[in-house]
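Spelled out, the chains give:
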Amino acid sequence: MKKIEAIVKPFKLEEVKDALGSIGISGMTVTECKGFGRQKGHTEIYRGSEYTVDFLPKLKIEMVVPDEQAEGAVEAIVKAAKTGKIGDGKVFLTNVEEAIRIRTEEKGEKAV
Amino acid sequence: MMKKMLFVIAVLGACSLASLRAEDTNASAMTAAAATNAPAADTGPKPDPAGTATGMSVDAQSPAGAFVTTAPADLSDQDKKDPAKVKAYNDAKKAFDDYTAQAKLEPLAVKLSDSVGHNRVAINFMWTLVTGFLVMFMQAGFALVETGLCRAKNASHTMSMNFMIYPMGMLGFYLCGFAFMFGGMADPASPNNGGIATMGGYAGLNHELGFHIGSKFFGLLGAKGFLLQGAGYDTAAFALFLFQMVFMDTTATIPTGATAERWKFSAFMIYGCFIGTIMYPIFGNWVWGCGWLANLGANFPGLGHGHVDFAGSSVVHMQGGVIALIFAWLIGPRYGKYDEKGKLVHPIIPHNVPMVMLGTFILAFGWFGFNPGSSLAGTDLRIAVVAVNTMLASATGALAATLWMWWVRTKKPDPSMMCNGMLAGLVAITCPCAFVSAGGASILGAIAGILVVESVFFFDKIGIDDCVGAISVHGVNGAWGCLSLGLFADGTYGDGWNAVPGTVRGLFYGGGMGQFWAELIGVTTCFVTLAGLSLVVYYIGEKLVGNRVSHDVEIEGLDVPEMGVPGYAGVVMDKQSETPMIKGEPYATKRSQTAISA
């Protein structure tokens, strides 16, 4: 099993969700979050004084998928979330040791 | 602290009870005196609490004069030598005799004119009360503007201050503020003693404390109408009370914006005890209660109509602005905005701009009560000019501030400054609204819009942290509004204002500098008086409970430690709602401590 964490622009959520749905990913968790990367945000001005807006709003989409689906899912996310401009986000892929469905206590890939 | 608060409340309560009894005793003493035919203590006009005797045929008169129902006053021996005065007397006497003869032939006409008089006065009552209700709603506008411009963690506290100043100020004004301010408005010693002229001319509030220099009377404080008892128990006095109370509460709520996010609630409540009772009514009496500033023109011919302030640029706004200035200066800036050397490093941005703009619209709406209502007369058709001037100045103020920010000062049209600009235009037009042309109103509003931006930058630079721009909007533009009257008054209105014959005319319309000097004296007096009073009240709060919350409370946000409940329970706040941390000694604490020990 692999865990995919994708940080994307908030307005791309619908497209990413649809793309994942079309390749058969059945669930995901979405978190509103803020962050910055190489650009380190930017400065704005309020009543003549500058302040930095370093944490920009993003969404983090997390899902755990069977190994064979992982590559397709990453591809779908990248394709759907891309605008080609700075701040499109990142995707991280990690191994997951175990998954348990609380209701039935099923384990492994059956639980995801 | 609890004990102290209880003590304050107990004192207030005891005062009201004591005054109530004093008034009762006076009343029974008066009845007794009347019964024994001894000279009554109060020989002034009788109040009319039922309102049935207010507005007789004499009130049916328009300013042009339609009915002659009063005999002219007898001429003195001196006047009898002046042929012009004798002729005027004879003409008036003949008109009165003709009227009396006609009235005998047509008694129905007399009854009709009584009814017309009552209706004219009733229209003025209606107008004054309804516009007063509009002004009351401005409290909501202030609450929204001030809270929106603060951080989310202080929303409950800032709102609560704006909320509680309404009852606190009102009760203080009821207790003694109204009597101090208007208790001498019909004192015969004052040249300007028309009483509540537009509402039946009630002249019962006729005791002004003051002094004479030669034949010139300088009124300092009214002394009648405490707790709206005795001479104060009159329908006209009640209508005036309502209208003036909401004006006082406008002043009262201004400093809460400048000192928000760090003012201890208990210290604020102590301020609340003083604003309606003493701080506001003193200068108010001098300008609107027929005190010495109103009589400046009558006493000294070179000073135009004396200090003229139609709706309160100085009486309401500048008073609030000066209190805001002194309190914001003494309490010190919010932690984190300035570094240890006093350089502005972290601007603190508003948490809710829609709230600020909604509040500004509510204020602009309330201003249609504020300015046109200050005629106290729906039968004075100048209210149309007043209303249009008010909206024009608000528009040019908002536009000028926006463009000045956008093109001259920064690269963006700051929404908070748009609002400040509109309010600045409104504050500036408040004093001259009845005396200027549409063009004059537009120009002085635009100047106010630029002035407010420059003023906000100035106070930010010198380290006086005004969270909402109250000092610049109300203080600086209150002063500008009064001075602008001395420049822009076009001489089409205000005949006989403050008992000075002729219309009000400023420098640009050939009126010379006289009116400008009178306004300058008023503005200077306002600053000096209110600065002094504010220092005293701040010091009292400092001694009793301390004005500033602790550093920890300020970091956490005042909502929960001070008020017990957050403004937005269940809402996650982000970095912008936090206090920026700075390296080194906090500038804020150093500054306020030095100020207090000095």
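Here, every reference points to the structure presented above.
Only a predicted model underlies this, so the values are computations on that prediction, with no experimental measurement involved.

With that settled, consider the overall build of chain A. Each helix and strand counted, chain A has two helices and six strands in total. Ordered by position from the N terminus, the helices and strands of chain A form the series β-α-β-β-β-β-α-β. In summary, chain A has a C-alpha radius of gyration of 17 Å against a globular reference of 13 Å for 112 residues, an excess of more than 25%. Expressed as lengths along the three principal axes of its C-alpha atoms, the size of chain A is roughly 60 × 25 × 20 Å.

Another point: the pairing of strand 5 (residues 56-65) of chain A. All names here are of chain A. Pairing of strand 1 (residues 2-8) with strand 5 involves seven bridges; the strand directions are antiparallel. Of the residues in strand 5, the one forming a bridge with I4 is M63. One ladder, built from seven bridges, connects strand 2 (residues 29-35) with strand 5; its direction is antiparallel. Bridging across to strand 5, C33 finds its partner in K58.

Bringing the interface of chain A and chain B into the picture now. Residue-level contacts link eight residues of chain A with 15 residues of chain B. Listing elements by their share of the side of chain A that touches chain B, those giving two or more residues are strand 3 (42-46) and strand 4 (49-53) of chain A. Grouping the constituent residues of the side of chain A that touches chain B by class yields four nonpolar, two polar and two charged.

This paragraph deals with the pairing of strand 1 (residues 208-213) of chain B. Residue and element names in this part refer to chain B. Sheet analysis places strand 1 next to strand 2 (residues 216-222), joined by six bridges and oriented antiparallel. Bridging across to strand 2, E208 finds its partner in G222. Connecting the antiparallel pair strand 1 and strand 2 is a turn made up of two residues, with G214 showing a positive phi of about 65 degrees.

In this section: the nonpolar core. Taken as a class, soluble globular proteins show a tendency for nonpolar side chains to be buried jointly. Ranked by internal contacts, the top residues of the largest apolar core, which has 160 residues, are A324, F327, A328, A401, A424, L444 and V452 of chain B. Broken down by element, the residue count for this core peaks at 15 residues, all from helix 5 (residues 155-182) of chain B. Apart from the residues within four sequence positions on either side, A401 of chain B is in contact with M417, M418, N420, G421, A424, G449, I450, V452 and V453 of chain B. In this structure, I4, I7, I61 and I77 of chain A belong to the second largest nonpolar core, which totals 16 residues.

For the rest of this paragraph, the subject is the packing of helix 1 (residues 13-22) of chain A against helix 2 (residues 67-81) of chain A. Residue and element names in this part refer to chain A. The contact between helix 1 and helix 2 brings their axes to 8 Å, and the two run at 150 degrees. Considering their axes alone, helix 1 and helix 2 lie roughly antiparallel with respect to each other. Note on packing geometry: the crossing formed by helix 1 with helix 2 is right-handed. Of the residues in helix 2, those touching helix 1 at E15, V16, A19 and L20 are A73, A76, I77, K79, A80 and A81. Counted by class, the contact of helix 1 with helix 2 contains eight nonpolar, no polar and two charged residues.

This part covers helix 6 (residues 235-258) of chain B. Spanning 24 residues, helix 6 of chain B covers 37 Å between terminal C-alpha atoms, matching the ideal 34 Å at 1.5 Å per step. Within helix 6 of chain B, 22 of the 24 residues are buried, which leaves the element mostly enclosed by the surrounding structure.

Turning next to the packing of helix 12 (residues 415-430) of chain B against helix 14 (residues 470-488) of chain B. Residues and elements named next belong to chain B. For the pair helix 12 and helix 14, interaxial distance at closest approach is 7 Å and the crossing angle is 35 degrees. Helix 12 and helix 14 meet at a crossing whose hand is right-handed. On the side of helix 12, the interface is formed by N420, L423, A424, V427, A428, I429 and T430, while helix 14 contributes S472, V473, H474, N477, G478, W480, G481 and S484. Its residues assigned to classes, the contact of helix 12 with helix 14 comprises seven nonpolar, eight polar and no charged.

So, about the sheet that holds strand 1 of chain A. All names here are of chain A. The strand order across the open sheet built from four strands is 2-5-1-6, with neighbouring strands paired in antiparallel fashion. Unpaired on one side and paired on the other, strand 2 and strand 6 (89-95) mark the two borders of the sheet. Neighbour to neighbour, the strand axes of the sheet diverge by 20 degrees on average, direction disregarded. Lying on the sheet, helix 2 is in contact with strand 1, strand 5 and strand 6; it crosses strand 1 at an angle near 5 degrees.

Parameters and conventions
- Residues numbered from 1 in each chain as written.
- Chains lettered and ligands numbered in written order.
- Predicted model: local features only at pLDDT ≥ 70, side-chain atom pairs only at ≥ 80, totals over all residues.
- Helix = DSSP H or I, 4+ residues; strand = E, 2+ residues; numbered from the N terminus.
- Rg over C-alpha atoms; globule rule 2.2 N^0.38 Å.
- Pairing = 2+ DSSP bridges.
- Contact = placed C-beta atoms within 7 Å.
- Nonpolar A, V, L, I, M, F, W, Y, C, P; charged D, E, K, R; others polar.
- Core = buried A, V, L, I, M, F, W, Y, C linked by C-beta atoms within 7 Å.
- Buried ≥ 20, exposed ≤ 12 C-beta atoms within 10 Å, placed from the backbone.
- Axes fitted to C-alpha atoms, helices over the stretch in contact; angles between N-to-C directions.
- Parallel < 35°, antiparallel > 145°, perpendicular 65-115°, else oblique.
- Left-handed = near helix turned anticlockwise from the far one by under 90°.
- Expected span 1.5 Å × (residues − 1).

From the geometry alone we can't say anything about function, so treat these as descriptive.
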